[in-house]
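Architecture and fold: a report
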Amino acid sequence: MTLVGSGGYGGAVSVVKDRDEVVEQLEPFRRELTAYCYRMLGSAFEAEDAVQETLVRAWSKYAGFEGRSELRTWLYRIATNVCLDMAPAAQRRARPMDLTSPVSASALDLTRLEENLWVGPVPDARVLSGDPAEVTMGRETIRLAFVTALQKLPAKQRAILVLREVLAWSAAETAELLGTSVASVNSALQRARSTLAEGGGIPASDTYRPLDETQQSLLTRYVRAFETFDIEGLKKLLHEDAVLNMPPYQMWVRGAVELGEWWLGAGCGCRGSRMLPVEANGSPAFAQYRPAEDKNGWTPWGITVLEITDGRIATMTNHMDTDRLFPLWGLPMRLPAIGAVGA
């Protein structure tokens with residue numbers, strides 16, 4: 001199949017490029033565009049939709065591109081416009097801690113809110129690539145806390161902050177991409193920084209280093225304590241003001257003591273869980289499976305992303321949209337009972 005277009009030469013139709021050639025030019029940008037769109041939108045699913053729309057638009061307009069700018073710049077311009085169209089202010093995503101006060105472990109509030117309200121997780125493999133230094137930097141800028149902070153900005157300021165401070169574009173390059181002036185870009189960047197600072201800034205966390213023995217020891221102890229339901233052991237791994245939140249539930253619990261009561265009370269259904277390691281948002285994460293209701297193995301419960309500060313767990317975010325999230329990580333929808341055929 002070929003792409004054809006009519007130019008200004010008597011309406012003559014020219015063959016521009018074979019479809020496969022165009023796709024071959026565009027496809028290498030998919031992962032970095034997905035990371036960009038995820039930071040803009042706060043949803044892995046919306047980010048993938050935005051990237052797909054970006055590539056479709058680029059494919060359809062490739063005949064008129066003619067190399068007037070770098071292909072990467074042109075794709076980011078399209079992606080930015082797609083994200084701005086998808087990110088109206090009224091639908092900014094957040095985390096439960098942004099919306100309500102913490103609840104007591106004994107005061108259940110099982111109100112569920114729509115999925116489009118929450119910042120969702122993203123698999124590292126879909127958004128990170130490059131040499132080790134680039135991957136480390138990328139991890140820092142897809143952390144849940146970072147992406148959540150970005151959602152507090154108006155969409156255009158969000159784009160400018162990401163382009164300037166995450167992707168290291170110059171003010172002139174950013175202005176050209178957005179069709180505005182350097183002065184406007186610099187002003188918007190200052191406003192974005194001020195807004196984040198007024199909101200308390202972006203919470204710090206330990207950089208995730210998968211090969212770090214100290215971090216791996218902490219995670220091993222976390223899994224062992226959770227799977228054996230050793231609540232006292234779990235509490236020793238937490239900061240005193242550690243937080244558990246579970247989108248789409250608007251409730252969240254704060255404090256190691258409250259969390260201990262939570263797990264022994266309303267959260268007792270986690271007893272007997274299995275935890276499979278995954279990587280999400282540049283952070284250690286686990287796919288949690290709870291014992292199946294039919295007693296035959298384990299079924300998905302959530303993707304838990306851990307945020308670690310000063311060597312202890314500060315935040316546990318359990319994303320519970322399992323029907324969509326587990327396939328996103330390529331995870332099975334059931335773990336067979338131990339000893340079963342194929343287990």
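Residues numbered from 1 in each chain as written. Predicted model: local features only at pLDDT ≥ 70, side-chain atom pairs only at ≥ 80, totals over all residues. Heavy atoms only, no water.

1. Section: the side chain of N245
For clarity, the threshold we go by: Secondary structure counts use DSSP, requiring at least four H or I residues in a row for a helix and at least two E residues in a row for a strand, with both numbered from the N terminus. For the purposes of these results, a polar contact is taken to be a pair of N or O atoms within 3.5 Å, where, inside protein, one atom must be able to donate a hydrogen and its partner to accept one; residues adjacent in sequence count only when each atom of the pair is a side-chain atom. Any two residues having at least one pair of non-hydrogen atoms within 4.5 Å are treated as being in contact.
As for its position among the elements, N245 is in strand 3 (residues 238–245). A polar contact is formed between the side chain of N245 and the side chain of T317, at a distance of 2.9 Å. Each residue touching N245, except ones within four places of it in the same chain, is listed here: R95, P96, M97, M251, W252, T315, M316, T317 and N318.

2. Here's the deal with the pairing of strand 3
The test is simple: Note on exposure labels: buried denotes an accessible area under 20% of the residue type's maximum, exposed denotes more than 50%, and partly exposed covers the range between, all computed with a 1.4 Å probe on protein chains only. Note on pairing: DSSP must find at least two bridges between two strands before they are called paired.
Across the eight residues of strand 3, six count as buried, placing the element largely inside the fold. With four bridges connecting them, strand 3 and strand 8 (residues 312–319) associate as parallel partners. Directly across from L238, in strand 8, lies its bridge partner I313. Pairing between strand 3 and strand 4 (residues 252–254): three bridges, direction antiparallel. Looking at the pairing, V243 lines up with R254 of strand 4. Count of turn residues in the strand 3/strand 4 antiparallel hairpin: six residues.

3. Details of the packing of helix 9 (residues 171–178) against helix 10 (residues 182–198)
Our working definition: Axis definition: a line fitted to C-alpha atoms, over the contacting stretch in the case of helices. Angles run 0 to 180 degrees between N-to-C directions. Working definition: roughly parallel below 35 degrees, roughly antiparallel above 145 degrees, roughly perpendicular at 65 to 115 degrees, and oblique for all remaining angles. Residues were grouped as follows: Ala, Val, Leu, Ile, Met, Phe, Trp, Tyr, Cys and Pro as nonpolar; Asp, Glu, Lys and Arg as charged; and all remaining residues, including Gly, as polar.
Two elements in contact, helix 9 and helix 10, have axes whose closest approach is 8 Å; the angle formed by their N-to-C orientations is 105°. One way to sum up the angle between helix 9 and helix 10 is to call them roughly perpendicular. Of the residues in helix 10, those touching helix 9 at A171, A172, T174 and A175 are V182, V185 and N186. For the contact of helix 9 with helix 10, the residue count by class is five nonpolar, two polar and no charged.

4. Remarks on the packing of aromatic side chains
When we look at a pair of aromatic rings, we describe it by the centre distance and by the angle of the planes. The condition that has to hold: Centres within 6.5 Å are what make two rings of Phe, Tyr or Trp a pair, Trp counting through its six-membered ring; a difference in plane orientation under 30 degrees is then read as stacked, over 60 as edge-to-face, and the rest as tilted.
One pass over the structure, following the stated rule, counts seven aromatic pairs. For the ring pair Y62 and W74, a centre distance of 6.3 Å and an interplane angle of 70° mean the geometry is edge-to-face. Here W74 lies in helix 4 (residues 71–86) and Y62 lies in helix 3 (residues 44–65), a separation of 12 residues in the sequence. Judged by its relative accessible area of 11%, Y62 falls in the buried class. In this structure W74 comes out as buried when scored by relative accessible area, which is 11%. For the pair F226 and W263, a centre-to-centre distance of 6.2 Å together with 85° between the ring planes defines the contact as edge-to-face. Pair noted here: F226 is in helix 11 (residues 213–227) and W263 is in helix 13 (residues 256–264), with a separation of 37 residues, a long-range link. Note on F226: relative accessible area 3%, which makes it buried. What links up through ring pairs into an aromatic cluster is the set Y222, F226, W263 and F286.

5. Here we look at the pattern of salt bridges
Stated formally: A side-chain nitrogen of Lys or Arg and a carboxyl oxygen of Asp or Glu constitute a salt bridge if their distance falls within 4 Å.
Enumeration according to the criterion identifies 14 salt bridges in this entry. Residue E32 is joined to R72 by a salt bridge in which the shortest nitrogen-to-oxygen separation is 2.8 Å. With E32 in helix 2 (residues 30–41) and R72 in helix 4, this pair connects stretches of sequence that are 40 residues apart. Note that R93 is salt-bridged to E115, the shortest N-O span being 3.3 Å. One end of the pair, R93, is in the loop between helix 4 and helix 5 (96–99); the other, E115, is in the loop between helix 5 and helix 6 (132–140), and 22 residues separate them in sequence. On the basis of relative accessible area, R93 is assigned to the buried category, the value being 5%. Linked through salt bridges whose partners overlap, the residues forming this network are E46, R93, E115, D321 and R324.

6. Overview of the pairing of strand 7 (residues 298–309)
For strand 7, the buried fraction is high: 10 of the 12 residues fall into the buried class. Pairing geometry for strand 6 (residues 283–291) and strand 7, over seven bridges, is antiparallel. Across the sheet, residue A287 finds its bridge partner in strand 7, namely I303. From the end of strand 6 to the start of strand 7, which pair antiparallel, there are six residues, and K295 there has a positive phi angle of about 70°. Direction of pairing for strand 7 relative to strand 8: antiparallel, over a ladder of seven bridges. Across the sheet, the residue bridging to L306 is M316, located in strand 8.

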